[in-house]
Amino acid sequence: MLNFSFYNPTNIVFGEGQLQELDNLVPKNANVLITYGGGSAKKTGLLDRVNAELAKSERTVIEFGGIPANPRFDVLMEAVKVVRDEKIDFILAVGGGSVIDGTKFIAIAAPNKEYEGREREIMNFGFAGVPAESSVPFGTVLTLPATGSEMNNGAVISDGEDKLVVMSPLNFPKFSILDPEITFTLPKTQVANGVVDTFIHTVEQYLTFPAEGRFQDRTAEGILQTLIEIGETTVNEPENYDARANLVWCSTMALNGLISAGVPQDWTTHMIGHELTALTGLDHAKTLAVVQLANWKVRRAEKREKLIQYAERVWDLREGDDDERINQAIAKTEEFFHSIGMATKLSDYEIDADIIDRVVANLEKHGMTQLSERGDVTLEVSRKMLETAL
Ligand code: NZQ
Ligand code: ZN
């Protein structure tokens, strides 16, 4: 097992009806900004319910809506201005990964004087983390189980063709309310996105090479098997509480630092996927389903031992030689994605070979030239994956 430090201060408040905890969780007398997305929170009545909870104590509350999927720097800067002008001292994000990620950016950009006027630079530090001293504290009400943003220190912010990772210990929410019922209003396609994003987060941290991380491996395998068990049910029966509760908890646990501690991590699929979203607008999870299968096909030799373990332990494939079992495991994964309505080829989205040069050029621009658990995914290997994904 590799050395690690594990830090996660987010208070998770899980379950039906937990919205009523807001009054206890959001500081009294605070100047609160509620951030939300394109309108689903308004339409479903969630925003009214949140306001009613916050009104139980003395607080000033204002709202900032319109944070788009794949949150954009220019929109977030409007919210930064509101936070400064209105002297906001607590932000409550009501939404999915995009609203929560956007809120993380707002929370860092608003109070740190050294970035005033050049907030765009906050997007340039990548996995090294943003050097910043403070942020506006924030909590979340999660509406879409997928990204794990509700309990992690990452955000992904878009600006034109740049879709960049913003990391900081200041990005951890103070609390996150995870009420599976709040997610019942999601359209099927977003639930399938959530299942796949969670699945891919798990394999990015598991399907690398053996490192004697036995707890991490068994936990990752548990998440994958849970997703396989509940995937179709939670997509087709949106109000099945237990299926959805399991998806919500898997999503959070798949990307909160637990299963990555002490083991190698890949993230190639995500880095290529982010470029695809930036260039085509395709949903995050949809890019992942396409790239992940190609990743395994192209790097089958490098991932051989873990692919065999995945075949045996996740899919219970015990017949045939190693190569046959690897083939079957990849085929079973693809079948699973199809079973929840997720396509697995770029051509399914009418994206053709013209995209490849553009993705490769942007990977180069963003320094993504040595990806994967071994740092051996060069631009040429990424190109091969994209060709395989067509
Ligand atoms: O904007 P509204 O109108 O609210 O609609 C949203 C949006 O259109 C809708 N939605 C959310 N909750 C709903 C709902 N509709 C009905 N009922 C509800 N309860 O769903 C749509 C997608 O929302 P979005 O927040 O964009 O989805 P997701 O949670 O998948 O987030 C995707 C973003 O997160 C980033 C992605 O790159 C992408 O920008 N990621 C963030 C990560 C992190 N912070 O750790 C890791 C991930 O790998 C990922 O990169
Ligand atoms: Zn993801």
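The rules we used
- Residue positions are given per chain, counted from 1 along the sequence in the order it is written.
- Ligands are numbered from 1 and chains lettered from A, in the order in which they are written.
- The predicted origin of the model limits local features to residues at a pLDDT of at least 70 and limits the giving and counting of side-chain atom pairs to 80 or more, whereas totals for whole chains, interfaces and linings rest on all residues.
- Hydrogens and waters are ignored; side-chain quantities use all the structure's heavy atoms.
- Counting from the N terminus, the helices are the DSSP runs of H or I reaching at least four residues and the strands are the DSSP runs of E reaching at least two.
- For the radius of gyration, the atoms used are the C-alpha atoms, and the globule rule reads 2.2 Å times the number of residues raised to 0.38.
- Burial status follows relative accessibility: with a 1.4 Å probe on protein chains alone, a residue under 20% of its type maximum counts as buried, one over 50% as exposed, and anything between as partly exposed.
- Working rule for contacts: check all heavy atoms of both residues, and any pair within 4.5 Å makes them a contact.
- Only four residue types enter the tally: Lys and Arg on the positive side, Asp and Glu on the negative side, with His and both chain ends excluded.
- Charge positions come from single atoms, namely NZ of Lys, CZ of Arg, CG of Asp or CD of Glu.
- The span one expects for a helix is its residue count, reduced by one, times 1.5 Å.
- Each domain's extent was defined by an automatic or database domain assignment.
- Reported buried area values correspond to the accessible surface (1.4 Å probe) lost by two parts on association, with both partners' losses combined.
- Only one rule defines a salt bridge in this text: a Lys or Arg side-chain nitrogen within 4 Å of an Asp or Glu carboxyl oxygen.
- The nonpolar core is taken to be a set of buried Ala, Val, Leu, Ile, Met, Phe, Trp, Tyr and Cys residues, with the residues joined through side-chain atoms within 4.5 Å.
- Cavities and pockets are defined on a 1 Å grid built over the protein atoms alone: a cavity is a set of grid points where a 1.4 Å probe fits but cannot escape, while a pocket is an open set with protein on both sides within 12 Å along at least five of seven lines, and lining residues are those with an atom within 4 Å of any such point.
- Grid points are joined across faces, edges and corners, and a volume is the space filled by probe spheres set on the points.
- Residues are grouped as follows: Ala, Val, Leu, Ile, Met, Phe, Trp, Tyr, Cys and Pro are nonpolar; Asp, Glu, Lys and Arg are charged; all remaining types, including Gly, are polar.
- In these notes, residues near a molecule or strand are those with any non-hydrogen atom within 4 Å of it.
- What qualifies as a polar contact is a pair of N or O atoms within 3.5 Å, subject to a donor-acceptor requirement within protein and to the restriction that residues adjacent in sequence count only when both atoms come from side chains.
- Each accessible area is a Shrake-Rupley result for a 1.4 Å probe, and residues are judged covered by the shown protein chains and nothing else.
- The criterion for strand pairing is that DSSP finds at least two bridges linking the strands in question.
- Lines fitted to C-alpha atoms define the axes here, with helix axes fitted over just the stretch in contact, and angles between the N-to-C directions of these axes take values from 0 to 180 degrees.

> Mind showing me how you'd approach the overall build of the protein chain here?
On a plain count of helices and strands, the protein chain comes out with 14 helices and eight strands. Relative to the 2.2 N^0.38 estimate, which gives 21 Å for 390 residues, the radius of gyration of the protein chain is 20 Å and therefore close to what a compact globule would have. For the protein chain, the spread of C-alpha atoms along the principal axes amounts to about 65 × 45 × 45 Å. Within the protein chain, buried positions represent 57% of all 390 residues. For the protein chain, contacts bridging at least 24 residues in sequence account for 78% of all contacts bridging at least 6. Taken as two groups, the 37 positive and 58 negative side-chain charges of the protein chain have centres that lie 2 Å from each other.

> Explain helix α6 (residues 188-206) here, please?
Because each turn of an α-helix spans 3.6 residues, side chains separated by three or four positions in sequence point in the same direction. Helix length check: α6, at 19 residues, gives a terminal C-alpha distance of 27 Å against a target of 27 Å (1.5 Å per residue), a fit within 8%. Taking burial as the measure, the 19 residues of α6 include 16 buried ones, the bulk of the element.

> Sorry, what's going on with the domain arrangement of the protein chain here?
It is common to give the size of an interface as the accessible area that goes away when the parts come together. Along its sequence, the protein chain is carved into domain 1 (11-182) and domain 2 (186-389). The centre of domain 1, based on its C-alpha atoms, is set 27 Å off from the matching centre of domain 2. Both sides together, the interface formed by domain 1 and domain 2 hides about 2200 Å², and carbon and sulfur atoms give 65% of it. On the domain 1 side of the contact with domain 2, P145, E161 and K163 bury the most area, a combined 27% of that side's loss. For D162, the salt bridge identified is with K365, shortest N-O distance 2.9 Å.

> Would you take a moment to explain the nonpolar core for this structure?
Nonpolar side chains tend to gather and get buried jointly when the protein is soluble and globular. Ranked by internal contacts, the top residues of the largest apolar core, which has 43 residues, are V196, F199, W296, Y310, F337 and I340. Counting residues per element, the ones that place at least two in this core are α6, α7 (214-236), α8 (241-254), α10 (284-298), α11 (304-313) and α12 (322-339). For this core, the element with the highest residue contribution is α6, accounting for eight residues. The residues contacting V196, other than those within four sequence positions of it, are A285, A289, F337, I340 and M342. Judged by nonpolar contacts, the second largest core, of 35 residues, contains F73, V75, M123 and A155.

> What's the story with empty space enclosed by the protein in this structure? I'm lost.
A water-sized probe rolled over the atoms picks out the places where empty space is left. For the coordinates displayed, the defined rule picks out one cavity of 30 Å³ or more. Its volume calculated, the largest cavity comes out at about 30 Å³. Taken together, V290, L293, A294, K297, E334, T344, K345, T388 and A389 make up the full set of residues lining the largest cavity. With four residues, the single largest contributor to the lining of the largest cavity is α10. Along the lines of polarity and charge, the residues of the lining of the largest cavity split into four nonpolar, two polar and three charged.

> How should the site of ligand 1 be read in this particular structure?
Taken together, 32 residues surround ligand 1, and among them G38, S40, G97, S98 and T185 come closest. At 2.7 Å, a backbone N or O of G38 approaches an oxygen atom of ligand 1. Take H270: an N or O atom from its side chain is 2.8 Å from an oxygen atom of ligand 1. Burial of ligand 1 by the surrounding chains reaches 87%, relative to a free accessible area of 970 Å². Elements that contribute at least two residues to the shell around ligand 1 include exactly α5 (97-109), β6 (154-159), α6 and α9 (268-280). In terms of residue class, the shell around ligand 1 is built from 10 nonpolar, 19 polar and three charged. Of the domains in this structure, domain 1 (11-182) and domain 2 (186-389) are the two that each give at least three residues to the shell around ligand 1.

> So what exactly am I meant to see when it comes to the environment of L386 here?
By the element assignment, L386 lies in helix α14 (residues 379-388). In this structure the C-alpha to C-alpha distance between L386 and D357, which are 29 residues apart in sequence, comes to 9.6 Å. Setting aside anything within four residues of it in sequence, one finds L386 in contact with I272, L276, L346, I356, V359 and V360.

> Explain the pairing of strand β7 (residues 162-167) to me, please; I cannot follow it from the model alone.
In regular strands, side chains alternate between the two faces of the sheet. Summarising burial for β7: six of the six residues are buried, a large majority. Taking every second residue as pointing to the same face, both faces of β7 are buried, with D162, L164 and V166 on one and K163, V165 and M167 on the other. Sheet topology note: the β6/β7 ladder contains six bridges and is antiparallel. Considered in β7, the bridge of G154 is made with M167. As consecutive antiparallel partners, β6 and β7 are separated by two residues, and within that stretch G160 has a phi angle of approximately 60°, a positive value.

> How do you make sense of the sheet that holds strand β5 (residues 138-142) when you look at a structure like this?
Sheet strands associate in pairs through backbone hydrogen bonding, adopting either a parallel or an antiparallel arrangement. If you walk across this open sheet you meet the six strands as β1-β8-β5-β4-β2-β3, and the pairing is parallel. A single partner strand is all that each edge strand has here, and the edge strands are β1 (11-14) and β3 (60-64). When the angles between neighbouring strand axes are averaged without regard to direction, this sheet yields 20°. Two strands pair when backbone bridges link them, and β1 and strand β8 (residues 175-178) are joined in this way by four bridges, in the parallel orientation. In the strand pairing of β8, N11 is matched with F175. The sheet contacts of helix α3 (residues 46-54) involve β2 (31-36), β3, β4 (90-95) and β5, and relative to β2 the element is tilted by about 165°. Packing of α8 onto the sheet brings it into contact with β1, β5 and β8, and relative to β1 it is tilted by some 170°.

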